Amino acid sequence: MNAPSSAIESVLVENRVFPPSAATVAAARIAGMPAYEALCAEAARDYEGFWARLARDNVRWIEPFTRTLDESSAPFYKWFDDGVLNASANCLDRHIGTPVEHKTAIVFEADDGAVTRVTYRELLARVSQFANALKARGIRKGDRVVIYMPMGVEGVVAMQACARIGATHSVVFGGFSAKALQERIVDAGAVAVITASYQMRGGKELPLKAIVDEGIALGGCESVKTVLVHERTASAWNRVAGRDQTFVEALQDRSTECAPEPVGAEHPLFILYTSGSTGRPKGVQHSTGGYLLWAKLTMDWTFDIRPGDVFWCTADIGWITGHTYVAYGPLAAGATQVIFEGVPTYPNAGRFWQMIERHQVSVFYTAPTAIRSLIKAADSDAAVHPRNWNLSSLRILGSVGEPINPEAWMWYYTHVGGERCPIVDTFWQTETGGHVITPLPGATPLVPGSCTLPLPGIMAAIVDETGHDIPDGAGGMLVIKRPWPSMIRTIWGDPDRFVKSYFPEEMGGTIYLAGDGAVRSAGGPAGSGVDRGYFRITGRIDDVLNVSGHRMGTMEIESALVAKTDLVAEAAVVGRPDDLTGEAICAFVVLKRARPTGEEARQIANELRNWVAKEIGPIAKPKDIRFGDNLPKTRSGKIMRRLLRSIARGEQITQDTSTLENPAILDQLGQTN
Ligand code: WT7
């Protein structure tokens, strides 16, 4: 059952306000709203001076920068351009000789529950040794390295080692298919792939190396000279002589010391592919200096991270959240963090709560989808309800990836946070590098379902198609009016697409268009003492879906479907609200043969789902597949997606259908199989 409109309504009427306790405010780094306002005022008064101060205080520079922001080739902005640094040195070397040196950097819990710990000192040695192994394979500053790995210490070591030698990494989520991996290897022109033989998830052993081989065999990957394989399990895998090496072989006799390679602040630290509304996934390119500044600073601001904290971000390193809040931010902040290999429901849906208790996690950061599925599990099995564990170590909770519905927010607040922990509902994107609109735990009065206020220095606004401000209370498009240090620099290999996607000419060509709709309340929440309007994200305004916090382009799924040329003539993909996954993928398909019904329809639908899983990955499988003799089109032949969205939601069609070439098709597509 879907109740999207009721969920949306309850956001609209949301009037519960949760101010931070006096004790939380007193102890926080940004202590109370006046402290937040003071930072915003500093940014408003002297924007460049504000960022320059923060960059000096938070980043270790090898050569200090003298220029803060260069707008001369906007929207290709440059930050701290003549500064020189190394990201890995900022995450590891900076702690040597401080109390952090012998502190635990990573507590790794494997799928089967086995725990290993690594200190900062040990991590530096492992990263340095791995960096030397990369160098020994001829990998140099500026080369691209694809990382296709499970969650574990090795994945973080691989990312940090690339950063250490100035190689640009591109992590591909381990759930993506051989084809998706190959496309990314080709686009990035990668010289090496770092992978694992297998990955362990929910007690199952899944191949990874075999998928790398399959991807490379698809062609165009001649640039790949090296494949490094972490042998995660004892199972055999196929070796390509000359190209493949195990981690053990690659690390043998390599020194555990490696001087960090100095790079310019604008040097591309990584490329991360994400879905857009059209065409192939885009390689979002991030800088070194600006990105690192924001990774470190948002750890301090949003999570108010302190020396005794145990931080746990449940995101995979294949997503931006796993870059900023696993591989870089926590290390730059000198925090102890938990890294988890497995899935939240194995061996049962109490795994997260059990791990929070076991590792005394104090700052916990996860996605609404996970929360909703754990609510459902706890509702049907009291044994996995969080009340069965002692979660008193928690002090801050976070949410990321999609809007959190107030019902899930309240459950998270009550049953996980014991009504004691602020929830930071962090709005951001692959392109923003780190949080941009979020509450601050020791300052912002919380409203369930609202990401509240922009971080200091982030000039977020809501505008119309021409870039003009929309009055508070009305909805519009979310933009950020000034460049900020951790923003996307370009789309790898496609600067035109970068400009077109994010800096529309109609808005003047220099303000960043997020691609989300948003509303800002008129004034702050009632009785909170805050007079700024709060932001609420209403969802994507382009053809991008958000399924379980994973970003999927409708066009990408359509292309995958029509690539099944023996079967599919035409396909259109839309999203519909789903209680568990936020949005669900709904595909309308016209076959090259007669429209199937009954058992045949179910069979073909399954065949198509498996096909999409092979083309992109299981996360892109359409939940609903409906067959028609045709798709609803205008007389000029344009597919009317608006109508398809209504049909997918099971709504009565109230829109004008008079321009439709073939109105009878609507009834047919309304039928489920
Ligand atoms: C899209 C970005 C942010 C890292 C993980 C996803 C949606 C993200 C929130 C939030 C409402 C959110 C937006 C955004 N989104 N966080 N707190 N509230 N919506 O990164 O894959 O680049 O997706 O996720 O629609 O545009 P991403």
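For the structure, see preceding data.
Only a predicted model underlies this, so the values are computations on that prediction, with no experimental measurement involved.

(A) Region of the structure containing the sheet that holds strand β16 (residues 310-313). The strand order across the open sheet formed by 7 strands is β5-β4-β17-β16-β18-β19-β20, and the pairing between neighbours is mixed. Across the chains shown, the open sheet's two edge strands, defined by having one partner strand only, are β5 (115-119) and β20 (423-426). Shown here is a sheet whose adjacent strand axes are inclined to one another by a mean of 20°, direction ignored. As judged from the 5 bridges shared by strand β4 (residues 104-109) and β5, these two strands associate in the antiparallel manner. Counterpart to Thr-104 in the pairing with β5 is Thr-119.

(B) The site of the ligand, seen in detail. Near the ligand you find 17 residues, and of these Asp-425, Thr-426, Thr-430, Asp-516 and Arg-551 are the closest. In this structure, Gln-429 approaches the ligand through a side-chain N or O atom, which is 2.9 Å from an oxygen atom. Within the contact set of the ligand, an oxygen atom lies 2.5 Å away from a side-chain nitrogen or oxygen of Thr-430. When isolated, the ligand has an accessible area of 550 Å², and the protein chains bury 95% of it. Those elements giving two or more residues to the shell around the ligand turn out to be α12 (320-332), β20 and β25 (535-540). For the shell around the ligand, the class distribution of residues is 6 nonpolar, 6 polar and 5 charged.

(C) Spotlight on the nonpolar core. Trp-51, Leu-123, Trp-301, Tyr-328 and Val-589 are the most contacted members of the largest nonpolar core, which has 168 residues in total. Of all the elements, helix α7 (residues 153-165) adds the most residues to this core, at 9 residues. If we ignore the near neighbours within four places in the chain, the residues touching Val-589 are Leu-561, Val-568, Glu-570, Ala-571, Leu-608, Ile-625, Arg-626, Phe-627 and Gly-628. Listed in part, the 34 residues of the second largest apolar core include Phe-18, Met-355, Ile-375 and Leu-394.

(D) Local environment of the pattern of salt bridges. Considering all chains together, one arrives at 42 salt bridges under this definition. Asp-578 is the partner of Arg-576 in a salt bridge, and the nearest nitrogen-oxygen pair spans 3.7 Å. By the burial criterion, Arg-576 is buried, and Asp-578 matches it. Taken together, the shared-partner salt bridges connect Arg-29, Lys-296, Asp-300, Asp-304, Arg-306, Asp-309 and Arg-395 into one network.

Conventions and cut-offs
Residues numbered from 1 in each chain as written. Predicted model: local features only at pLDDT ≥ 70, side-chain atom pairs only at ≥ 80, totals over all residues. Heavy atoms only, no water. Pairing = 2+ DSSP bridges. Helix = DSSP H or I, 4+ residues; strand = E, 2+ residues; numbered from the N terminus. Axes fitted to C-alpha atoms, helices over the stretch in contact; angles between N-to-C directions. Near = heavy atom within 4 Å. Polar contact = N/O pair within 3.5 Å; in protein donor to acceptor, adjacent residues only side chain to side chain. Areas by Shrake-Rupley, 256 points an atom, 1.4 Å probe, with all protein chains shown as cover. Nonpolar A, V, L, I, M, F, W, Y, C, P; charged D, E, K, R; others polar. Core = buried A, V, L, I, M, F, W, Y, C linked by side-chain atoms within 4.5 Å. Buried < 20%, exposed > 50% of the residue type's maximum accessible area, 1.4 Å probe, protein only. Contact = heavy atoms within 4.5 Å. Salt bridge = Lys/Arg side-chain N within 4 Å of Asp/Glu carboxyl O.

By themselves, these observations are geometric and do not establish any function.
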